[in-house]
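Structural description and commentary
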Amino acid sequence: MLGIGKRDTTILLVVAFMALAAPIILNPFPANSAMAQFNAGYPDLMQRFVIFGIFAIGFNILFGLTGYLSFGHAAFLGAGSYAAVWMFKLLSFNVIPAVLLSIVVAALFSVLIGFISLRRSGIYFSILTLAFAQMSYNLAYSVLTPLTNGETGLQVYTSDPQYLRGEGDPIVTHLFGLEMRAKETLELGPWAFDFSVGYYFCAILMLISFYISIRIFRSPFGLMLRAVKSNNHRLSYTGLNSRPYALTAFIISGAYAGLAGGLLAAMDPLAGAERMQWTASGEVVLMTILGGAGTLIGPVLGAGFIKYCENIFSKINENVLHSWFAALPDGLETGLVWVASKFVGEGWHLTLGLMFMLVVIFLPGGLVEGGQRIGRALRRRRGQDEPGRSAAKEPAE
Amino acid sequence: MTTRNFTRRGVMKSTAVTAGGLALPTIFTGSSAAAFTNEPTGSTVTLGFNVPQTGAYAEEGLDELRAQQLAVEHLNGEGDGGMLNTFSSKVLDGTGIMGKRVEFVTGDTQTKSDVARATAQSMIQKDGAVMINGGSSSGVAIAVQGLCQEAGVIFMAGLTHSNDTTGKDKKRNGFRHFFNGYMSGAALGPVLEQAYGNERRAYHLTADYTWGWTQEESMIAATEALGWETVETVLTPVGAGDFSSYIAPVMNSGADVLILNHYGGDMVNSLTQAVQFGLRDRQVNGNNFEIIVPLYSELMAAGAGEAIKGVYGSMNWNWQLQDEGTAAFTRSFGEKYGFPPSGSAHTCYVQTLLYADAVTRAGSFNPCAVVEALEGFEFDGMGNGPTLYRAEDHQCFKDVLVMKGAENPTTPFDNLEIVEVTPVEQVMYEPDHPMFAGGDLGECNPGE
């Protein structure tokens, strides 16, 4: 279907189902129960899931296929956001021109950075991209203040021109009148599910991005990128110049990052310089590796996992912990709360770090490998282990 | 590379998915029944406390959180009631807000606008918060204030000292109790004239964001009015850690006063390093070299230790004040946590009480009713003397404290001493003052 193989179609359909049903899947607990703390099905977080999913999918096209580890992808995310907010300031709150321009700006920016950085490979490439990203961050933070509004972040003011804005247009971001923040709440008994326009807009773009990424993975071009990863020297000895391929991959992944940045701004019209900071670049590397570099679905899983930790664990404070352990004797309760509080609230980075270590040590193929192992174990137990499909030969996809 | 086989099942599946995708937007056309965002319908009401728990301003943020929890206790009738007993408005009776028990959720802003907006969004969308309180940086406060305006909830700003919060970036749904850069300058001016005279040359090191810029602007205006000369202004990144490369050039600049427009951990580092470089032992132009920190806090003073002795600055409030409200708040905070509250803790505590009071007086949680109740509200007994919430810009007007690093502190908590309580008339300005011009409150937004 759609020009992709059967297995890929299955993956695409699974992702499509997860994305479209996310408001229900992510809200498994009734709204007023104690477990509602762990619900993630509110629009802002779901939007982040799919937006950072797009970011990671794009990063994976570069890192997963060519093996070039870029530590500066946040620069494209930030450039995309700034471009989108400028479109809101100058044209109107319609998201279409903003998203388009963010892709174009980020792609052009990645031509520049990619052209220079790809003269080197390995660690030197990583350091070059990191340097460029930090330069962009510092420029956005202070030097280019008229363009970026520095640390305060670029925002839309009522005094901005907005030349294309019609009379009755909403004063929030919208898609031809359909407000991004509009949502419909479906209440089923104690459960409440939020379906938001902004989320579905992002989710549909994520599915398109995912589909394009599948096509790239399966194309002759994708095969060439894998050849760059497995042995760049041999490739050049056969008389092929691999740099244009790597540059194309770099630009495509830069455009993906720009799209993600544009969508972030479309959901919330503010662009801050910290979006370009090296921690943001590191985050997308973490997402890709945590989920499974070089796999199709891995980056999306990794993005979801990290954003979940950041938004859910960081909000568990000592009061919440006390209410969980309230049934225990006093001394024990205080002790448990003390230990647990190091891993949640402001300590959520610690949890994330531990998870990352565990995944890298025990599941080098990321969460995807974990899923495969579970799948295999189940199959073995049912006695259906096919001798022809041994695990080692299976590519991690 | 590609395979194309249209099976009947495959086509049907894809058709169903596409149709589902296309049909989805139509379910958004209905309208919801609530009158405003997060109308509390149960027996509780949720407030969101959005403070930095990590990063350069974490110390301030954690102290704000302590005060906010204390405010919730007092609103729910637990503890000794604190400032509820001294507050001039008597509608709050310790039964929560309008009979609803107060609950709260917390978030970590990391002192980053993006993160702060995400945590505030989750409080509004997931936890149903009707009011967001907090922010230990003006950049963050302005970003979150804009979000609250769009979402239709009330924003009670915590520690934010930039002129822009109630100037260029003011919003109808946002309120600030804390003072601002202009007030610091206006209060410090006369004291500095008396202490250091009219012929001084000032060098500014300024945190590079909205607060630093407006603070610098205000201090330049105040000092140049005294006849001082501004030698140089240098912007430094927030969270720089090491300021030695910025301090070395000060020595050869011919300046005899260093004004540090820094806050939090940055101010601790820059002041300590300036003292270690021996700036204060120098004689320039026949004057002793002096350092000024326009915005002081207890936590910074504690961090800087010996370095702050004799350094002038200003504060919104200090626990050493002698009025009833201050005594009540300091007592209940001290009993709970074992040390006196900081100025940032005070402002968050007061803001939470003011919000609860405004809701009760308005008889509704509707943001528009709350805005109406707070605009032009005059109150007393909150530690700052008679105070006005001005309707034109949602800024509180009250006395400002000029402080000085104590020469001989007796405890770790009285390392600052009050030099002067500048009366409110002296720090008053018109809403359209050039430093505050260009903003527009807009209309109140109840959301939904």
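Residues numbered from 1 in each chain as written. Chains lettered and ligands numbered in written order. Predicted model: local features only at pLDDT ≥ 70, side-chain atom pairs only at ≥ 80, totals over all residues. Heavy atoms only, no water.

Looking up chain B in an unreviewed UniProt entry gives the name ABC transporter substrate-binding protein, with the organism given as Pseudoroseicyclus tamaricis.

The name an unreviewed UniProt entry gives chain A is Branched-chain amino acid ABC transporter permease, with Pseudoroseicyclus tamaricis as the organism.

Describing the overall build of chain B
Convention followed: Here a strand is any run of E in DSSP of at least two residues, a helix any run of H or I of at least four, and the numbering for each starts at the N terminus. Radius of gyration means the value over C-alpha atoms here, while the globule rule gives 2.2 Å times the residue count to the 0.38 power. Note on exposure labels: buried denotes an accessible area under 20% of the residue type's maximum, exposed denotes more than 50%, and partly exposed covers the range between, all computed with a 1.4 Å probe on protein chains only. Computed by Shrake-Rupley with a 1.4 Å probe, the accessible areas treat only the displayed protein chains as cover when residues are assessed. Positive charges come from Lys and Arg, negative ones from Asp and Glu, while His and the chain ends are left out of the count. Each charge is placed at NZ for Lys, CZ for Arg, CG for Asp and CD for Glu.
Secondary structure summary: chain B contains 13 helices and 17 strands in total. Expected size for 448 residues packed as a compact globule is a radius of gyration near 22 Å; at 24 Å, chain B falls within 12% of this value. Considering chain B as a whole, with its 448 residues, one finds that 59% of them fall into the buried category. Counting every atom, chain B has about 15500 Å² of accessible surface; 50% of that belongs to carbon and sulfur. Averaging the coordinates of the 27 positive side-chain charges in chain B and doing the same for the 52 negative ones gives two points 11 Å apart.

Remarks on the domain arrangement of chain B
Residue and element names in this part refer to chain B. Applied cut-off: For the domain bounds, the source is a domain assignment made automatically or taken from a database. In this analysis, two residues are considered to be in contact whenever any of their non-hydrogen atoms come within 4.5 Å of each other. Accessible area, probed at 1.4 Å, shrinks when two parts are joined; the buried area is that loss added up over both. The working definition used for a salt bridge is a side-chain nitrogen of Lys or Arg within 4 Å of a carboxyl oxygen of Asp or Glu. Pairs of N or O atoms within 3.5 Å make up the polar contacts considered here, provided that, within protein, one atom can donate a hydrogen while the other can accept it, and that residues adjacent in sequence are counted only when both atoms are side-chain atoms. Throughout, the ten residues Ala, Val, Leu, Ile, Met, Phe, Trp, Tyr, Cys and Pro are labelled nonpolar, Asp, Glu, Lys and Arg are labelled charged, and all others, Gly among them, are labelled polar.
Parsing chain B into structural domains produces domain 1 (44-179 + 319-398) and domain 2 (182-315). Spacing between the C-alpha centres of domain 1 and domain 2 amounts to 29 Å. Taken residue by residue, the interface counts 23 residues in domain 1 and 20 residues in domain 2. On the domain 1 side of the interface with domain 2, the three residues burying the most area are Tyr-57, His-161 and Phe-179, jointly 35% of the side's total. The tally of links from domain 1 across to domain 2 stands at 0 salt bridges. Between domain 1 and domain 2 we count 13 residue pairs in polar contact (both at pLDDT 80 or more) in total. Mapped by element, the contributors of at least two residues to the side of domain 1 that touches domain 2 are helix H2 (58-75), helix H4 (138-151) and strand E15 (396-397). Taken together, the residues that form the side of domain 1 that touches domain 2 break down as 10 nonpolar, 9 polar and 4 charged.

Thoughts on the sheet that holds strand E17 (residues 416-422) of chain B
Residue and element names in this part refer to chain B. To keep things clear, this is the line we draw: Two strands are said to pair when DSSP picks up at least two bridges between them. A fitted line through C-alpha atoms represents every axis, and for helices the fit uses only the stretch in contact; the resulting angles, taken between N-to-C directions, go from 0 to 180 degrees.
Reading across from one edge, E7-E6-E8-E11-E12-E16-E17 is the order of the 7 strands in this open sheet, with mixed pairing throughout. A single partner strand is all that each edge strand has here, and the edge strands are strand E7 (229-236) and E17. Strand-to-strand twist of the sheet, defined as the mean angle between neighbouring strand axes without regard to direction, takes the value 20°. With 4 bridges connecting them, strand E12 (residues 312-315) and strand E16 (residues 400-405) associate as antiparallel partners. Within the sheet, the bridge partner assigned to Met-315 lies in E16 and is Leu-401.

Here's the deal with a nonpolar patch on the surface
Residue and element names in this part refer to chain A. Selection rule: For patches, a residue must show more than 30% relative accessible area and have no salt bridge; joins then use 9 Å for like charges and 5 Å for nonpolar side chains, namely Val, Leu, Ile, Met, Phe, Trp and Tyr.
Judged by side-chain polarity, Trp-338, Val-339, Phe-343, Leu-350, Leu-354, Met-357, Leu-358, Ile-361 and Phe-362 come together as a nonpolar surface patch covering roughly 900 Å² of accessible area. For the nonpolar patch, the secondary-structure elements that each account for two or more residues are helix H15 (330-341) and helix H16 (348-362). Per-element tally for the nonpolar patch: the top contributor is H16, with 6 residues. Structurally, the position occupied by Trp-338 is in helix H15.

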